[in-house]
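Letter by letter, the chains look like this.
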Amino acid sequence: MAIRHNPACKTDRGPGDNPRTQTPVQFVDVHCHCLPNLDDGPESMEEALVLCRALAADHIMTVVATPHQLGRFEDRTKAETIRRTVGVLNHALRERGIDLTVLPGAEVRVDERIDEMLAAGEILTLADAGCHVLLELPWDTLIDIEPLLVQFRLRGVKTILAHPERNGPLLERWQMLGRWMALGVGLQVTAGSLTGRWGRGIARAAWGLVAQGGRTCLATDAHDGAQCPGMTQAFAAVAARWGDAVAYSLLVENPARVIRGEELAPVFPPEERGIW
Ligand SMILES: [Fe+2]
């Protein structure tokens, strides 16, 4: 696959080049709002294709489309609608010669109906693999999701929390997050958070969450093609701090495990004083 440069993406290192092997790193993105006309992502197929070109230019080969399920987009993101739209987008990508594969998924808002809807097949797991639900917590209040986690476990489904570093109420209750992680919860930290897209406070929280170790992966949470998706930049930042192996685990191997339907592997970066 040819290396493609996205001019919006600036990094000190080459575009996804692993200095150890000099081969381009190919990413899987497990959180992206790339489907047209379903949620707060692209409003048209053309906008969706602009975003998909940006993903491909950032060395993402496979992306899980994760439109918001439940919450304010509930009426527009039924499971069958998502699967059908993924098929339409993949067809358009092939027609335009864009080297990217889209898989179905969802970012699911916490809701008391989730477990019942999951059992009924109305909630999509990531990549439709039946292994992980990508769960979005409310932004303004903290709900203890432990009962839901237990219900999911009984169904053999694992939970990945979407961008915990951006959830203010959660960051004030680290013990609760620790309890959830002890129950096997995975964390999806957003690549752009590490590189400062949302400011220093969120960057510090993002690095802190990754540094503490756990079942962690990175993803773009991209909504449009105007911004760099940020996987290449984040890979370079993590590799510079903790080495290529940790960067691979967070940005390549664990996302690949998600689409294979395998549990995220724990990743423990080397201890580092003063990271907070
Ligand atoms: Fe999202």
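This is a predicted model, so every value here is computed, not measured.

Enquirer: Explanation requested: the pairing of strand β1 (residues 27-32) in the structure shown.
Expert: Each regular strand shows side chains that alternate between the opposite faces of the sheet. A large share of β1 lies buried, amounting to six of its six residues. Bridging between β1 and strand β2 (residues 60-65) involves four bridges; their strand directions are parallel. Bridge pairing in β2 places Phe-27 opposite Ile-60. Handedness of the crossover joining β1 and β2 through helix α1 (residues 45-57): right-handed.

Enquirer: What exactly am I supposed to notice about helix α10 (residues 244-260) here?
Expert: Since one α-helical turn is 3.6 residues long, residues separated by three or four positions face the same way. Counted at 1.5 Å a residue, the expected span for α10 with its 17 residues is 24 Å, and the 22 Å between its end C-alpha atoms agrees. At Leu-250, α10 shows its maximal kink, close to 35°. For α10, the complete set of buried residues consists of Ala-247, Ser-249, Leu-250, Leu-251, Val-252, Asn-254, Pro-255, Arg-257, Val-258 and Ile-259. Two residues or fewer after α10 comes Gly-261, characterised by a positive phi angle close to 75°.

Enquirer: Mind showing me how you'd approach the sheet that holds β1 here?
Expert: Neighbouring strands of a sheet are bound in pairs by backbone hydrogen bonds; such pairs are parallel or else antiparallel. Taking strand neighbours across the sheet as the criterion, the three strands line up as β1-β2-β4 in an open arrangement whose pairing is parallel. Of all strands in the sheet, those with a lone pairing partner are β1 and β4 (101-104), marking the two edges. Mean inter-strand twist for the sheet, computed between neighbouring axes without regard to direction, equals 25°. Along the sheet face, α10 touches β1, β2 and β4 and points at about 65° away from the line of β1.

Enquirer: Any chance you could explain unusual backbone geometry here in plain terms?
Expert: It is generally the case that most residues other than glycine have a negative phi and that most peptide bonds are trans. Residues other than glycine seldom take positive phi values, yet Asn-37 does so here, at roughly 65°. Along the chain, Asn-37 turns up in the loop between β1 and α1. On the neighbour-count criterion, Asn-37 (15 C-beta atoms within 10 Å) is partly exposed. The phi angle at Ala-127 is positive, at roughly 60°, despite the residue not being glycine. Taking the number of C-beta atoms within 10 Å as the measure of exposure, Ala-127 has 23 and is therefore buried.

Enquirer: Explain the pairing of strand β8 (residues 186-190) here, please?
Expert: The buried count for β8 comes to five of five residues, which makes it a mostly enclosed element. Pairing analysis gives three bridges linking strand β7 (residues 158-162) to β8, with the strands arranged parallel. By the bridge assignment, Ile-160 is partnered in β8 with Gly-186. Bridging between β8 and strand β9 (residues 216-219) involves four bridges; their strand directions are parallel. Looking across to β9, one finds that Gln-188 is bridged to Cys-217.

Enquirer: How do you make sense of the confidence of the model for the protein chain when you look at a structure like this?
Expert: Predicted coordinates in regions of low pLDDT should not be interpreted in detail. On average, residues of the protein chain score 91 in pLDDT, and 90% of them are at 70 or above. Predicted confidence is poor over residues 11-16, with pLDDT under 50, and the contacts of this stretch with residues over four places away or in other chains come to 14 contacts.

Enquirer: When you look at helix α8 (residues 200-212) in this model, what are you seeing that I'm missing?
Expert: A rise of 1.5 Å per residue sets the reference length of α8, with its 13 residues, at 18 Å; its end C-alpha atoms lie 18 Å apart and thus fit the reference within 8%. Within the sequence span of α8, burial applies to Ile-202, Ala-205, Ala-206, Trp-207, Leu-209 and Val-210. The secondary structure elements touched by the buried residues of α8 are α5 (168-171), β8, α7 (191-194), β9 and α10. Immediately beyond the C-terminal end of α8, within one or two residues, lies Gly-213, with a positive phi of roughly 85°.

What counts and how
Just so you know, the residues in each chain are numbered from 1, in the order the chain's sequence is written. The predicted origin of the model limits local features to residues at a pLDDT of at least 70 and limits the giving and counting of side-chain atom pairs to 80 or more, whereas totals for whole chains, interfaces and linings rest on all residues. Here a residue counts as buried when 20 or more other C-beta atoms sit within 10 Å of its C-beta, as exposed when there are 12 or fewer, and as partly exposed otherwise, the C-beta atoms being derived from the backbone. The helix count covers DSSP runs of H or I at least four residues long, the strand count covers runs of E at least two residues long, and both are numbered beginning at the N terminus. Any two strands with at least two DSSP-identified bridges between them are counted as paired. The path from the first strand over the helix to the second decides the hand: if it runs clockwise while the strands point away from the viewer, the crossover is right-handed. The length a helix should cover is 1.5 Å for every residue beyond the first. The angle between axes fitted to the seven-residue stretch ending at a residue and the seven-residue stretch beginning at it gives the bend at that residue. Angles run from 0 to 180 degrees between N-to-C directions of axes, and those axes are lines fitted to C-alpha atoms, restricted for helices to the stretch in contact. Two residues qualify as being in contact provided that their C-beta atoms, derived from the backbone, are within 7 Å of each other. Residue-level confidence of the predictor is summarised by pLDDT, bounded by 0 at the bottom and 100 at the top.

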